[in-house]
Amino acid sequence: MEIEIWTDVVCPWCYIGKRRMDSAVAAYPGDVTVTYRAYQLDPTPVREPQPLVDALAAKFGGPEQVTAMTSRVTDIAAADGLRLDFSRAVAANTFDTHRLIRWAGSHGRQAELLEAAHRAHFTDGVDLNSHDALAGLAAEMGLDAASARAYLASSDGADEVRAEFAAARELGVSSVPTFVLAGKYAVVGAQDSATLLAALEQVARREAAAA
């Protein structure tokens, strides 16, 4: 079964959703192919490093509201074995990160780089606006840092990432994560692993009956 996942690196629910889908796929008896598709929650350029909590406070009504939001998602993530540290996170435009994830995919490492980027942003306080930092993530998984840096310095992959943004709009994707199973069944949101596994099994039965 083909699974396409529209996701953004700076979306905590996408990080949680990835972990939960990984668990569902591990428990699913059939064969699956997982492909991650690019989505941007906020395409606004980031001119200089800014603490994420400050950027969120400006957007969502102040520090108190942000503290409530981040505390809740931090607790939920912890239950799935993920550590989120919003106090360290740096606001980022994710366009170049999506480009690098595509590049890593050409080396068979798409999911690994996405995972590394999530962790870098939410746990380690890495500035994903920095090409050097992104190349460092590639190097951590054994990919060539100089090649990654050269790729980021070019315009390679930009049209493909924009095409995925456009595909999301055509499909009506308005929030992430969105999981598209077998090219036609959508599951929206970071559903728990049992729900995602049940969806995989249900789609497999439908596809088998239609064959």
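Refer to the structure presented above.
The shown structure was predicted, so the numbers you read here are calculated from the model rather than taken from an experiment.

Parameters at a glance
Residues numbered from 1 in each chain as written. Predicted model: local features only at pLDDT ≥ 70, side-chain atom pairs only at ≥ 80, totals over all residues. Heavy atoms only, no water. Pairing = 2+ DSSP bridges. Helix = DSSP H or I, 4+ residues; strand = E, 2+ residues; numbered from the N terminus. Right-handed = clockwise from strand over helix to strand, strands pointing away. Phe/Tyr/Trp six-rings, centres within 6.5 Å; stacked < 30°, edge-to-face > 60°. Buried < 20%, exposed > 50% of the residue type's maximum accessible area, 1.4 Å probe, protein only. Expected span 1.5 Å × (residues − 1). Arc of directions from axis to C-beta. Contact = heavy atoms within 4.5 Å. 1 Å grid on protein atoms, 1.4 Å probe; cavity = no way out; pocket = protein on both sides within 12 Å on 5 of 7 lines; lining within 4 Å. Points joined across faces, edges and corners; volume = space filled by probe spheres on them. Nonpolar A, V, L, I, M, F, W, Y, C, P; charged D, E, K, R; others polar. Core = buried A, V, L, I, M, F, W, Y, C linked by side-chain atoms within 4.5 Å.

## Observations concerning the pairing of strand 2 (residues 33–38)
The pairing of strand 1 (residues 2–7) with strand 2 spans six bridges and is parallel. Looking at strand 2, one finds that T7 is bridged to A38. Between strand 1 and its parallel partner strand 2, the chain crosses via helix 1 (residues 12–27), and the hand of that crossover is right-handed.

## Here's the deal with the packing of aromatic side chains
This model, assessed by the stated rule, comprises four aromatic pairs. Here the aromatic rings of Y15 and F122 are separated by 6.1 Å at their centres, their planes lie at 20°, and the arrangement is stacked. Taken as a pair, Y15 in helix 1 and F122 in helix 5 (residues 110–122) lie far apart in primary sequence, 107 residues in all. Each ring, one from W103 and one from Y151, has its centre 6.1 Å from the other, and the planes form 35°; the classification is tilted. With W103 in helix 4 (residues 95–105) and Y151 in helix 7 (residues 145–153), this pair connects stretches of sequence that are 48 residues apart. Here the two residues W103 and Y151 agree in accessibility, since each one is buried. Feature note: the residues Y15, F86 and F122 constitute an aromatic cluster, connected by ring pairs.

## Some words on helix 3 (residues 63–79)
With 17 residues, helix 3 should cover 24 Å at 1.5 Å per step; its first-to-last C-alpha distance of 24 Å lies within 8% of that length. Those residues of helix 3 that sit buried are V66, T70, V73 and A77. Down the axis of helix 3, the sector holding all buried residues measures 70°, keeping them to one side. Opposite the buried face of helix 3, at more than 90 degrees from it, the exposed residues are E64, A68, R72, D75 and A79. For helix 3, the secondary structure elements touched by its buried residues are helix 1 and helix 2 (52–60). Just downstream of helix 3, G81 is the residue with a positive phi angle, here 80°.

## Quick look at empty space enclosed by the protein
Tallied over the full model, the rule gives one cavity of 30 Å³ or more. A volume near 70 Å³ is recorded for the largest cavity. Counting only elements with at least two residues in the lining of the largest cavity, the list comes to strand 2, helix 4 and helix 5. Here the residues of the lining of the largest cavity sort into four nonpolar, three polar and three charged.

## Overview of the environment of V203
With respect to the secondary-structure elements, V203 resides in helix 9 (residues 193–210). For the pair V203 and V173, spaced 30 residues apart in sequence, the C-alpha separation works out to 19 Å. In this structure, V203 is in contact with M1, L181, A182 and Y185, ignoring residues within four places of it in sequence.

## Notes on the nonpolar core
Counting residues in each nonpolar core, the largest one holds 35 residues, and the members touching the most others are M21 and L181. Residue assignment for this core shows that the elements contributing at least two residues are strand 1, helix 1, helix 4, helix 5, helix 6 (131–140), helix 7, strand 3 (178–181) and helix 9. Leave out the neighbours within four places in its chain, and L181 touches M1, E2, I3, M21, V187, A199, L200 and V203. L84, A91, F122 and A190 belong to the second largest nonpolar core, which has 15 residues in total.

## Describing the layout of surface pockets
Computed from the structure, the largest pocket encloses a volume of approximately 720 Å³. Lining the largest pocket are 28 residues, and of these V10, L52, L56, K59 and F60 lie nearest its centre. Going through the elements one at a time, helix 1, helix 2 and helix 3 are the ones with two or more residues in the lining of the largest pocket. In terms of residue count, the dominant contributor to the lining of the largest pocket is helix 2 (five residues). Of the residues contributing to the lining of the largest pocket, the split by class is 17 nonpolar, seven polar and four charged.

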